[in-house]
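Notes for the structure review
Here is how the chains run, residue by residue.
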Amino acid sequence: MKSLKKIIALLLSLALVLALGACGNSDSGSESGSESSSSQTEESGSEESSEASTESGGEAAPTGEFTLPIVDEPTTLSYFVSASTNAAIVTTDYNDNEFYQEMEKRTGVHLDFEMVSSADYQTNFNLMIASGTLPDLICYGASYYSEGVDAAIDDGYFMDLTDKVDEYMPNYQAIRKSDINYELLSTTDSGRLGAVYELRQTKQGPWLGLWIRQDWLDDLKLDTPQTYDQWHDVLTAFKDDKGATAPLTLNFSGSDGEFGMMSAGLGVLNGWQLNADGKVTYGPYNEAWKEYVTIMHQWYEEKLIDPDFMSTDQRTADMATVVTGKTGAIPAVYTMPSLYEESSEDKNMNWAPINPPVKNAGDELHIRLRDSYTSGNTAISAECENWEVAMKWLDYLFTEEGALLANYGREGDTFNFEGGKPVYTEKITNNENGWTLAQTMDSYLCPSAGVANWSDWTRELGGVPEKDQTCYTVWTTNAKDDWRLPSISLTQEESTERAALYADISTCVKENTAKFISGALDIEQNWDSYVAELEQHGVQRAIEITQAAYDRYLAR
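These lines cover the structure that appears in this document, whether it is placed above or below.

Quick notes on the rules
- Residues numbered from 1 in each chain as written.
- Predicted model: local features only at pLDDT ≥ 70, side-chain atom pairs only at ≥ 80, totals over all residues.
- Heavy atoms only, no water.
- Helix = DSSP H or I, 4+ residues; strand = E, 2+ residues; numbered from the N terminus.
- Buried < 20%, exposed > 50% of the residue type's maximum accessible area, 1.4 Å probe, protein only.
- Pairing = 2+ DSSP bridges.
- Polar contact = N/O pair within 3.5 Å; in protein donor to acceptor, adjacent residues only side chain to side chain.
- Contact = heavy atoms within 4.5 Å.
- Axes fitted to C-alpha atoms, helices over the stretch in contact; angles between N-to-C directions.
- Core = buried A, V, L, I, M, F, W, Y, C linked by side-chain atoms within 4.5 Å.

So, about unusual backbone geometry. For the bond from Leu68 to Pro69, the omega torsion is -10 degrees, close enough to zero to count as cis. Checked against the element boundaries, Pro69 lands in the loop between β1 (41-42) and β2 (75-83). At Met261, a position not held by glycine, the phi torsion is positive, near 45 degrees. Judged by its relative accessible area of 2%, Met261 falls in the buried class. With phi around 60 degrees, Asn478 is a residue other than glycine that occupies positive phi space. Among the structural elements, Asn478 can be located in the loop between α20 (471-474) and β16 (488-489).

Another point: helix α18 (residues 437-444). Of all eight residues that make up α18, six are buried, and the element is covered over most of its length. The complete set of buried residues in α18 reads Gln439, Thr440, Met441, Asp442, Ser443 and Tyr444.

Let us now look at the pairing of strand β10 (residues 329-333). For β10, the buried fraction is high: five of the five residues fall into the buried class. The two faces of β10 match: Ala329, Pro331 and Val333 on one face and Ile330 and Ala332 on the other face are all buried. As defined by bridge partners, strand β7 (residues 208-213) adjoins β10 across five bridges and the pair is classed as antiparallel. Across the sheet, residue Leu210 finds its bridge partner in β10, namely Pro331.

A few words on the side chain of Asp150. Within the secondary structure, Asp150 is located in helix α6 (residues 149-154). The class for Asp150 is buried, based on a relative accessible area of 18%. Only 2.8 Å separates the side chain of Asp150 from the side chain of Thr188, close enough to count as a polar contact. Not counting the four nearest positions on each side in its chain, Asp150 is found in contact with Thr188, Asp189, Ser190 and Arg192.

Taken in spatial order, the five strands of this open sheet run β3-β2-β4-β12-β5, and their pairing is mixed. The open sheet is flanked by β3 (109-117) and β5 (196-197), the only strands paired with a single partner. Across nine bridges, β2 lies against β3 in parallel orientation. Across the sheet, the residue bridging to Leu77 is Leu111, located in β3. Its contacts with the sheet place helix α3 (residues 98-107) against β2 and β3, and it is angled at close to 155 degrees to β3.

What follows concerns the nonpolar core. Judged by nonpolar contacts, the single largest core of 79 residues is most densely connected at Leu248, Met262, Met296 and Trp299. Setting aside its immediate chain neighbours within four residues, Met296 contacts Leu248, Leu250, Met262, Ile305 and Ile517. Core analysis: the next-biggest nonpolar cluster, separate from the first, contains 68 residues, Phe80, Phe158, Ile380 and Leu394 among them.

Here it is in structure tokens:
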């Protein structure tokens, strides 16, 4: 079985290399909800992104009981890891990183890194599996093995940690079992532990959402819009009184598959979701999608939407369009508004977070970016000879002392305690090399998602103005994520079948949604044929597959 897996993985890798070579100049952006048979774990919301909330993800704290060093003689572990985009700018070897250097001093364990770019990670991961020579530690192992973590254990690639964590990782186990969300995301469908997951000290809520020109609202003496009708009036004022040529910015598919954007208030998402009964459905297959494109078509006709939306293939708005005042409502990651404002010649520019429109004032949203409890994982190879050392090394990062090192570094060097809380020194906040805060943190501290640890995502807020941090409150006010799918796992057979179906389904949705909004297709005359086309492409079977995976998730 294992040799066959190697051959299959090698063939997949070679095919992917050829595909990348043929599409080397293509835009890296993709529609949210896109599918690939190379990864069977469906994450609702980008877990590699910075998300936010103030609520605790679990009540248990690390025990802090740990004896250093963890080895009697210096020991080396090999680590296959994705290079942080920020850290890659300043180093090609994480042994230059001060966090990993300090970890080696404290634990007696040296890491021999094999660093690959995040863009080529899947290809290199498949090649590594095909080679049959595995490192001791594998970054994102649980996310990239095509047949899932259970299969990775059964195929002899990942070590089954289920019966080992209590003895060798008591700190990790205490935190993992402190919250049902931690347990669900770190446990396979069969109830096993095949990787160590980064667990966040506080859950992270929506990091991506809608923003509006608050300064324009103030100038025009307009209230913050809540309903679709109010949004219509505000966008009209932006066009007529502020000269906005793209009052509302949409992406190329005319929708958003991550947080719902303008469709969330209708209870529909451009992707897999749950309905009011808690059953899996596909958003664009529902009647609510017809209502959505009908509203967007009206707004398009009235020039309230970017007329070039079909040529945009980005998660967030075009920089030039934003800073020159051509748009007044955009989707954006919470770190972007300050950059827009600093880059604009309009010094009065003031972006404020806002929730998507709803039908009636006070209606509750059920679709937004999902709360997140992790953004990475580290698997231990079944061939790791020093697996006890590997587990203890990882467990140290779930003690108070180890977590403090990972997130803030060394006291007196990269941070000091102020009011009982760690605060970065100028070595981080005003780095002598002129690096950005993100580059500096990934160079001196544990790189983002570099290794599983008890992470404090709030460390990045030092670079975000307080007014922009209010988005975490705004986007969760009267807004839930209970119609968003959690992280579910498809079997290899399910993944392959659904990916094949989805290729045609997503193309159908993209093309028809854009045509419905632009008026190239009459919605009333062509809606039934659009639905029939989705059914012809197997949308009902794809829903069945997703429902089965969701049922297994609930049974964990």
